[in-house]
Amino acid sequence: MKKLLLVSMFLIAVVTHAQETSDFKTETIEFIKLTGAGAAFDNAISQIGFNVPEANKEAYTKEASATLEGLYGKIADLYMEEFTQSEIKELVAFYHTDLGKKLATKQLGLTQRAVTFGQSWGMEVSQIAQKYNE
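Residues numbered from 1 in each chain as written. Predicted model: local features only at pLDDT ≥ 70, side-chain atom pairs only at ≥ 80, totals over all residues. Heavy atoms only, no water.

J.: Hey, could you run me through the pattern of salt bridges in this one?
T.: Pairing is possible between side chains of opposite charge, provided their charged atoms come close. In total, this model carries two salt bridges according to the counting rule given. Lysine 25 is the salt-bridge partner of aspartate 77, the closest N and O atoms lying 2.7 Å from each other. Taken together, the positions of aspartate 77 in helix α3 (residues 68–82) and lysine 25 in helix α1 (residues 2–48) put the pair 52 residues apart, joining distant regions of the chain. In this structure, the salt-bridge partner of lysine 89 is glutamate 27, at a minimum N-O distance of 3.8 Å. With lysine 89 in helix α4 (residues 85–95) and glutamate 27 in helix α1, this residue pair connects regions lying 62 residues apart in the sequence. With relative accessibility at 18%, the residue glutamate 27 sits in the buried group. (Salt bridge = Lys/Arg side-chain N within 4 Å of Asp/Glu carboxyl O. Helix = DSSP H or I, 4+ residues; strand = E, 2+ residues; numbered from the N terminus. Buried < 20%, exposed > 50% of the residue type's maximum accessible area, 1.4 Å probe, protein only.)

The following block contains the structure:
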């Protein structure tokens, strides 16, 4: 009887942990989508499929969009290694604020511009390094 009770308690603990992990992942995926990544991935699907004939566009978009679930899961796992569930909840709450929504709409464009600045800076530093290699 004691063994049955212990096994039952163990199973309840495992199921509870699995549910908490599932909730954490769901919240993390929500956070990722709120940051503007969802729109960026949808845009990428459209750009990559730009040359797909119109007759095949709907099927292409459906199949390509189906790959997002796996991508979101992998990205969520990365965030879950770095942030606690409580922190993700705070981030989700932030992205539901007006400022968070503004950041989400601006983030991709800002990042693209920052990459351009970084590339220019890298070329500038490379030229400085070349000067000292002579």
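Once you've had a look at it, read on.
J.: Which parts of the structure should I look at to understand the side chain of lysine 57?
T.: Inspection of the secondary structure puts lysine 57 in helix α2 (residues 54–66). We note that lysine 57 is buried and unpaired, the nearest opposite charge coming from glutamate 54 at a distance of 4.9 Å. Dropping the residues within four chain positions of it, lysine 57 is found in contact with Gly49, Phe50 and Val52. (Lys, Arg positive; Asp, Glu negative; His and termini not counted. Contact = heavy atoms within 4.5 Å.)

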